[in-house]
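Letter by letter, the chains look like this.
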Amino acid sequence: LTKTLSLYRNAYSGLSPSTWLLSAVMLINRSGTMVLPFMTFYLTSPEMGYSVGKAGIVMALFGLGAVTGAFLVAALPIDQFLSRSTDHPGGVVLIGIAYFMLIVFHVNYWVAVVMMLLITLGEMMSMPFMNSFWTTRSADHNRGQYAALY
């Protein structure tokens with residue numbers, strides 16, 4: 001166990017404090033995304049009362065939004081704009097608000113559809129920033145450390 005811990009310590013030593021802070025934020029963000037596989041169970045629970053079909057449509061919109069967003073980012077110069085911007089906090093906040101609305105308030109079907117689209121938009125806002133962040137802060141000798149962390 002000591003050998004493994006020293007291996008990790010040596011692998012990631014020398015990274016800036018801002019990198020570690022952003023890495024912790026992304027760990028929390030990615031952990032929150034683990035809600036997604038269980039969202040269908042929640043939407044079809046007695047307290048939410050959605051039919052399996054409606055819950056499936058809400059979940060399909062997340063995938064459709066991701067595919068459509070990836071196409072738009074690749075086809076349009078949105079990627080260059082998002083890579084230069086600091087929309088990461090806005091994207092993470094948008095994701096948090098949407099999950100909060102879905103889980104805390106018992107929203108109707110159309111609000112759930114909008115919240116799922118907002119989750120997708122938040123993901124699209126925050127991910128290009130992450131790639132831009134680590135590529136601009138890494139040098140040739142530690143680019144692998146940054147890539148592995150994000």
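Above this text you will find the structure in question.
Because the structure is a prediction, the values reported are computed rather than measured. (Residues numbered from 1 in each chain as written. Predicted model: local features only at pLDDT ≥ 70, side-chain atom pairs only at ≥ 80, totals over all residues. Heavy atoms only, no water.)

Trainee: Give me the overall build of the chain: which residues, what numbers.
Mentor: Counting its secondary structure elements, the chain contains eight helices and zero strands. Seen in sequence order, the chain has helices and strands lined up from the N terminus as α-α-α-α-α-α-α-α. Residue burial in the chain is summarised as follows: out of 150 residues, 35% are buried. Contacts spanning at least 24 positions in sequence make up 73% of the contacts within the chain whose residues lie at least 6 apart. Carbon and sulfur atoms make up 72% of the accessible area of the chain, which amounts to about 9,100 Å² in all. (Helix = DSSP H or I, 4+ residues; strand = E, 2+ residues; numbered from the N terminus. Buried < 20%, exposed > 50% of the residue type's maximum accessible area, 1.4 Å probe, protein only. Contact = heavy atoms within 4.5 Å. Areas by Shrake-Rupley, 256 points an atom, 1.4 Å probe, with all protein chains shown as cover.)

Trainee: Help me get a handle on the packing of aromatic side chains, residues and values and all.
Mentor: Scanning the entire structure with this criterion turns up two aromatic pairs. Ring geometry for tyrosine 109 versus tryptophan 110: centroids 4.9 Å apart, planes at 70°, classification edge-to-face. According to the relative accessible area criterion, tyrosine 109 is buried, its value standing at 12%. For tryptophan 110, a relative accessible area of 62% translates into the label exposed. (Phe/Tyr/Trp six-rings, centres within 6.5 Å; stacked < 30°, edge-to-face > 60°.)

Trainee: Please set out the side chain of threonine 120 residue by residue, giving values where relevant.
Mentor: Here threonine 120 lies in helix 7 (residues 109-137). Overall, threonine 120 belongs to the buried group, its relative accessible area being 5%. Apart from the residues lying within four places of it in its own chain, the contact partners of threonine 120 are Leu61, Phe62, Gly65 and Ala66.

Trainee: Explain the nonpolar core to me, using residue names and the numbers behind them.
Mentor: Soluble globular proteins tend to bury their nonpolar side chains together. Formed by 22 residues in total, the largest nonpolar core has its most connected members in Met39, Leu43, Tyr50, Val58, Leu102, Met116 and Ile119. At the level of elements, helix 3 (39-43), helix 4 (52-75), helix 6 (88-104) and helix 7 are the ones that each hand at least two residues to this core. Sequence-distant contacts of isoleucine 119, that is, excluding residues within four places in its chain, are made with Phe62, Ile95, Ala98, Tyr99 and Leu102. (Core = buried A, V, L, I, M, F, W, Y, C linked by side-chain atoms within 4.5 Å.)

Trainee: Report on the side chain of serine 45, specifying residues and quantitative values.
Mentor: Within the secondary structure layout, serine 45 lies in the loop between helix 3 and helix 4. Of the polar contacts made by the side chain of serine 45, one reaches the backbone oxygen of tyrosine 42; its length is 2.7 Å. (Polar contact = N/O pair within 3.5 Å; in protein donor to acceptor, adjacent residues only side chain to side chain.)

Trainee: Now, about a nonpolar patch on the surface: what can you tell me, with residues and values included?
Mentor: A cluster of nonpolar side chains, namely Phe100, Ile103, Val104 and Phe105, defines an oily patch on the protein surface of about 360 Å² accessible area. By the secondary structure assignment, phenylalanine 100 is in helix 6. (Patch = residues over 30% accessible without salt bridge, like charges linked within 9 Å, V, L, I, M, F, W, Y side chains within 5 Å. Salt bridge = Lys/Arg side-chain N within 4 Å of Asp/Glu carboxyl O.)

Purely geometric numbers; function is a separate question.
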